[in-house]
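In case you want the letters, here they are:
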Amino acid sequence: MSTDVEKNKYMFPEDFWWGSASSATQMEGFSGAEGKGKNIWDYWYETEPNRFYQGIGPDNTSLFYTKFMEDIQLMKETGHKSFRFSISWSRMFPMGRGDINQKAIDFYNTVINTLLENEIEPFVNLYHFDMPMAMQDEGGWESRSVVEAYVEYASTCFEHFGDRVMKWFTHNEPIVPVECGYLYGHHYPALCDFEKAVQVGFHSVLASAKAIKAYHEKELGGKIGIILNVTPSYPRSNHPADLDAAEKADLLFNRSFLDPSVKGTFPEGLIDMLRVENFLPKYEAGDLDIIRENTVDLLGINYYQPRRVKAKENMPNLNAPFMPERYFDHYDMPGKKVNPYRGWEIYEKGIYDILKNIQENYGNIECFISENGMGVESEERFMDANGMIQDDYRIIFYEEHLKWVHKALNEGANVKGFHVWTFMDNWSWLNSYKNRYGLISVDLQNDYKRTIKKSGYWFKKIVDNNGF
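Residues numbered from 1 in each chain as written. Predicted model: local features only at pLDDT ≥ 70, side-chain atom pairs only at ≥ 80, totals over all residues. Heavy atoms only, no water.

Trainee: Explain the environment of Gly201 to me, using residue names and the numbers behind them.
Mentor: Along the chain, Gly201 falls in helix 10 (residues 194-218). Under the relative-accessibility criterion, Gly201 is labelled buried at 11%. (Helix = DSSP H or I, 4+ residues; strand = E, 2+ residues; numbered from the N terminus. Buried < 20%, exposed > 50% of the residue type's maximum accessible area, 1.4 Å probe, protein only.)

Below, the structure written as structure tokens:
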């Protein structure tokens, strides 16, 4: 008979941050109610509903806005010690700046207080792909005036909630609005313009640094960081051309945000690349000083899948729009493990490689896994007679990733927690509810009824035992 020690082979520190992550647009619902202004998702759904899977838009996303008391009880029931959510900029400031919406302040105050009453620490993110439409009309992150409006919004949040919230984040995955909004057409404004993409990226970094500066000046006693999807770029082979392709992909998609956020400087290789292609961003005197002097206190790391690349097979069309793929081709590795519903590779060791990279090349900054999860279509197939979804595939997915987190931790990586994506099934941008990610199922046909999945009970056990 095995001992308890053998049963819990993968033990984590006593104060490990176990929890989950979410975002305002993906779970709040009531996108036009209680004084909230439109964001880009509300506008895009109004104008092009066909872009959204099954025509489901952001107004009906999980209804956390009215059901949050019940939801926080379910968080407690599933063992949560922390919960990362985002504040909706357009709920706080319907026009992006100026008049503040008191109902938004009341809502977020009640959410924060209820979490704390249930001994769940709030981790608060300020921007998760949800530009207020009034700000997008000014150019979104292309515009310096929007950077200043964002800092005003961030400072307002610090003033109202900073006495209780001790962990803040400026952006979630800021590379995604760059890629999806300005290169590949998955998010509004759905452009294909590398020059604008670079400007959006630079201003996002600048906005983050300015918000960090504003937070530190208030001396509220907490920490502020950023959440990045640090997707490892693996070369097909050790051939110099494949290695070069992987390095360039890494510069564009990872180090473009990781280096300025943690080190305060942009990588030389990236600057050289942009200079050669004539795509350096516009900036003002003092911008680089602000970025250098206001680096993050902690780093959130989102990981779902690796990026595999190879050297270009063919010469690029020099008359076509400039894209990152000018430098590399995507490599479809034979025999890889895949989530068939999402089409994403499952490569658990990637999470370890990220943590070792942060340990060895970024001063071993305090970090945590801020998102990791598996989306599955038609999960009702796995429902038992009691109405519980038997999502063993999700439990296996998490355990296999946690084994690699544990290994990095034992080797000295400064990793403080693990947040799953996500707490309950939520709306997923253009995919709406196609793939489910939650520890808790949401029945859209039955008043959004919540039911804990098998993975939710597994999560509670992991937190109670601080390992598995």
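Trainee: So, the layout of surface pockets: which residues are in play, and what are the values?
Mentor: By volume, the largest pocket is sized at about 1200 Å³. Along its surface, the largest pocket is lined by 40 residues, and Val176, Cys180, Gln305, Arg342 and Trp344 are the ones closest to its centre. Of all elements in the fold, only helix 9 (175-182), helix 11 (240-262), strand 8 (307-310) and strand 11 (344-345) reach the threshold of two or more residues within the lining of the largest pocket. Top contributing element to the lining of the largest pocket by residue count: helix 9, with four residues. (1 Å grid on protein atoms, 1.4 Å probe; cavity = no way out; pocket = protein on both sides within 12 Å on 5 of 7 lines; lining within 4 Å. Points joined across faces, edges and corners; volume = space filled by probe spheres on them.)

Trainee: Tell me about the nonpolar core, residues and numbers included.
Mentor: The biggest cluster of nonpolar side chains holds 140 residues, and the ones touching the most others in it are Trp89 and Trp168. A per-element tally of this core places helix 10 first, with 13 residues. When near neighbours in sequence (up to four residues on either side) are disregarded, Trp168 contacts Ile87, Val124, Leu126, Cys157, Phe158, Phe161, Gly162, Tyr215, Lys223, Ile224 and Gly225. Ranked by size, the runner-up nonpolar core spans six residues in total, among them Trp17, Ile227, Leu298 and Phe368. (Core = buried A, V, L, I, M, F, W, Y, C linked by side-chain atoms within 4.5 Å. Contact = heavy atoms within 4.5 Å.)

Trainee: Quick rundown of the pairing of strand 17 (residues 449-452)? Include the residues and the values.
Mentor: Side chains of strand 17 alternate between two faces, with Arg450 and Ile452 buried and Lys449 and Thr451 left unburied. With four bridges connecting them, strand 16 (residues 440-443) and strand 17 associate as antiparallel partners. Within the sheet, the bridge partner assigned to Ser441 lies in strand 17 and is Thr451. Connecting strand 16 to the next strand, strand 17, in antiparallel fashion are five residues, including Asp447 with a positive phi near 55°. (Pairing = 2+ DSSP bridges.)

Trainee: Quick rundown of the pattern of salt bridges? Include the residues and the values.
Mentor: Inspection of the entire model under this criterion finds 42 salt bridges. Residues Glu284 and Arg144 are paired through a salt bridge, measuring 3.2 Å at the closest nitrogen-oxygen approach. Taken together, the positions of Glu284 in the loop between helix 12 (268-276) and helix 13 (287-293) and Arg144 in helix 8 (residues 144-161) put the pair 140 residues apart, joining distant regions of the chain. We note a salt bridge from Lys336 to Asp332, for which the minimum N-O separation is 2.9 Å. Taking the relative accessible area as the measure of exposure, Asp332 reaches 57% and is therefore exposed. Salt bridges sharing partners connect three or more residues here, namely Glu379, Asp391, Arg394, Asp425, Arg436 and Lys453. (Salt bridge = Lys/Arg side-chain N within 4 Å of Asp/Glu carboxyl O.)

Keep in mind these numbers describe shape, not what the thing actually does.
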